[in-house]
Structures are given as C-alpha cells and as structure tokens.
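The chain contents come next:
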Amino acid sequence: MDAQIKVEFNDNSKGRNRMELTVIGYWGAFPARNEATSGYLLRHKECAVLLDCGSGVLSRLQNEVGLEQLDAVFITHTHADHFADAYALEFATLVLTQIGKRTRPLDVYVYSEDLEGLQFAYPEYIRVHLIDTRQTVKVGEVMFTFQETIHEVPCCAIKATSPEGTSIVYSGDTGFCQSFIEFASGADLLVLESSFYEVQKGMMSGHLTAGEAGEVARLAGAGHLILTHLPHYGEHQQLKLEAGRYYEGPIELAHSGLKWSL
C-alpha cells in the first residue's frame, strides 16, 4: 500500500519559487582534482535537499548552502561514488547541532537492503530511513518518488515533482530498462548517467552508454537532458554527440556549479 512521509524543513527561502537543481559533483568512480563524484542540490522555496553524497560532495556543497540548512538527503545506492561523504555529513550534523547552528536531526533516506549494514552511529542527529519505492516522501512542497534501477547493488532513481507539476528525474546508476523509461516519462529535466562511449556498449552492465542515455531520453519524452556520471577518459563532447543521435532535445554535459531552474 502506498504511503506518504512528510519531512520537516527549515525556512531557507530567498524568493526561490521554482525548483532549482545545482550540480555539486558529476564524476563517476572517483573525483577529479578539486571536484566531486555524484551529488546534486535541489531547492524549492524553503526546501534544500541533497541527492547523493559522493566523494568530495560535502566540501563543494558548502559553496551553495550551509550544511545546517539541509532538510533531507536521498542516497540512490551505497557505492562509494554516491555515498562516501554521508558519514562525514553525519559528523557535520552532530557538530553543527552541538554549537547551536542546527536545531533538529537530518533525515537521510538510503536505498539499501537493510539498515544494519549502514554505519551511522548517532541516531539523535541523523534519522536514517530505507527508501521504499511504494512510498512518497514530501519535503517542503516537493514530492519525491522512487523506482528501482538495474545496477550491481540495489539502486533507485528519484523523481522530484513541484506543486506546479514540473518534474526532475535523476537516474542514479542504471542499465537500460523499460521500467525506468516509464518512471521518467514526461520529465521536464532528466539527469541521466552516461558512463561509457558507444564503442563500449555491452562491455559493462548496470550503466548506460551516451547513446543509450539519448535513447532513454527520447523514449521518455524528456524536455531536457543532462549527461552525468562521466568517465575520466576520452572527449566528453563525444558523449553529447552520441546522445544527440537518438535524442533531438537540448543536451548538456554536467559540470560543477551547473544550475537548472524550472
């Protein structure tokens, strides 16, 4: 049975009446120098939510928002490039609470098989929840829903829908699958992993080539495509060209600080 969870939020509003997504980190596997792996800040009015918390994310995130202002964190899966800074965030929350900058626990939602395998140690500061794809979670006025993807470990995609009806879909890591295409159907903005070049198609499961990412965006009818989770080799512009063979809409390559409002 579907259920809805509502999360308390801070009053961080600065006239932000549309959803805004900021890329904090976009590299796959490990961060490039002075960069970060997967991490995306979503804001809407009072709502400040982090999607994934990979290596280097916590440092770069503070260029955009104070850690005491975070309302919730959603982790698509527990691979280090999406999860590595989560425990550092726990200690940041502890310290910020102790010095009076934060007044309530931080809700952290993780897609995992069980809570026992996670190493969070301070439940009075971090409230950890398993993501259930049958549930929706509301943070501020934004509704979050989830869909399991194809990956080596349990992993989910995340959809954020504003009260105005606009939507952002973030894939986490995924192989090509019909269920994700249906989940992403009609997304105004699709943030989609693009780990490989077309010449590598079929060499690795649980990830997409750029061409596959373009095909997913086309089949989903997405309004705009951002390619992320990028490889550390080759020419990234080639990824954009390969995705464009299948998808005729606007395509951007993720980069640190990239912002998109809708």
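Reading the values: rules and limits
- Residues numbered from 1 in each chain as written.
- Predicted model: local features only at pLDDT ≥ 70, side-chain atom pairs only at ≥ 80, totals over all residues.
- Heavy atoms only, no water.
- Buried < 20%, exposed > 50% of the residue type's maximum accessible area, 1.4 Å probe, protein only.
- Helix = DSSP H or I, 4+ residues; strand = E, 2+ residues; numbered from the N terminus.
- Arc of directions from axis to C-beta.
- Contact = heavy atoms within 4.5 Å.
- Pairing = 2+ DSSP bridges.
- Axes fitted to C-alpha atoms, helices over the stretch in contact; angles between N-to-C directions.
- Right-handed = clockwise from strand over helix to strand, strands pointing away.
- Phe/Tyr/Trp six-rings, centres within 6.5 Å; stacked < 30°, edge-to-face > 60°.
- Lys NZ or Arg CZ within 6 Å of the ring centre and 35° of its normal.
- Expected span 1.5 Å × (residues − 1).
- Core = buried A, V, L, I, M, F, W, Y, C linked by side-chain atoms within 4.5 Å.

Among all positions of helix α6 (residues 236-244), only His236, Leu239, Glu242 and Ala243 are buried. Down the axis of α6, the smallest arc covering the buried residues is 105°, so these residues share one side. Exposed and facing more than 90 degrees away from the buried side of α6 are Gln237 and Leu241. Those residues of α6 hidden inside the fold are in contact with α5 (210-220), β13 (225-228) and β14 (251-253).

Reading across from one edge, β7-β6-β5-β4-β3-β2-β15 is the order of the 7 strands in this open sheet, with mixed pairing throughout. Two strands lie at the open edges of the sheet, namely β7 (126-130) and β15 (259-261), each paired on one side alone. Pairwise comparison of adjacent strand axes, ignoring direction, gives a mean angle of 20° for this sheet.

The next thing to look at is the pairing of strand β11 (residues 167-170). What you see with β11 is no split at all: Ser167 and Val169 on one side and Ile168 and Tyr170 on the other are buried throughout. Bridging between strand β10 (residues 156-161) and β11 involves 4 bridges; their strand directions are antiparallel. Bridging across to β11, Lys159 finds its partner in Val169. In this antiparallel pair of consecutive strands, β10 and β11, the connection spans 5 residues, and Gly165 shows a positive phi of 95°. Alignment of β11 against strand β12 (residues 189-193), held across 3 bridges, turns out to be parallel. Its bridge partner lying in β12, Ile168 is registered against Leu189. In this view, the connection linking β11 to its parallel neighbour β12 by way of helix α4 (residues 178-183) has right-handed handedness.

Here the focus is the side chain of Thr174. Residue placement: Thr174 occurs in the loop between β11 and α4. In contact with Thr174, other than residues within four places in its own chain, are Thr149, Ile150, Glu193, Gly206, His207 and Leu208.

This next bit is on the packing of aromatic side chains. Throughout the structure, instances matching the rule amount to 11 aromatic pairs. Centre to centre, the rings of Phe74 and Tyr109 are 5.0 Å apart; their planes meet at 20°, and the pair counts as stacked. Of this pair, Phe74 sits in strand β5 (residues 72-75) while Tyr109 sits in strand β6 (residues 106-110), placing them 35 residues apart in sequence. When its relative accessible area of 0% is taken as the criterion, Phe74 is described as buried. By the ring-pair criterion, three or more aromatic residues cluster together here, those being Phe74, Tyr109, Phe144 and Phe146. Directly above the aromatic system of Phe183 lies the positively charged group of Lys159, at a separation of 4.9 Å from the ring centroid.

Let's shift gears to helix α3 (residues 86-98). With 13 residues, α3 extends 19 Å between its outermost C-alpha atoms, agreeing within 8% with the 18 Å of an ideal straight helix rising 1.5 Å per residue. Along α3, the positions that sit buried rather than exposed are Ala86, Leu89, Glu90, Ala92, Thr93, Leu94 and Leu96. Residues of α3 that are buried in the fold lie against α1 (57-61), β5, α2 (80-83), β6 and β7. In the segment just after α3, Gly100 is the residue with positive phi, at about 85°.

Residues Leu51, Phe74, Phe144, Phe180, Leu190, Leu225 and Leu227 are the most contacted members of the largest nonpolar core, which totals 58 residues. Here this core takes 5 residues from α5, the largest share from any one element. Those residues in contact with Leu190 that lie beyond four places of it in its chain are Val169, Phe180, Ala184, Val216, Ala217, Ala222, His224, Leu225 and Ile226. Formed by 24 residues, the second largest nonpolar core is a distinct cluster that contains Leu50, Leu96, Val108 and Ile126.

A positive phi angle, close to 70°, is found at Ala29, a residue other than glycine. Counting through the fold element by element, Ala29 comes out in the loop between β2 (20-25) and β3 (39-44). At Lys45, a position not held by glycine, the phi torsion is positive, near 50°. In this structure, Lys45 sits in the loop between β3 and β4 (47-51).

Turning to the environment of Tyr170, a few remarks are in order. Among the secondary structure elements, Tyr170 is positioned in strand β11. Here Tyr170 falls in the buried class, since its relative accessible area comes to 3%. A sequence separation of 13 residues divides Tyr170 from Ala157, and the C-alpha atoms of the two residues are 5.7 Å apart. If we skip the residues at most four places from it in the chain, Tyr170 touches Ser38, Tyr40, Leu51, Asp52, Thr76, His82, Ala157, Ile158 and Val191.

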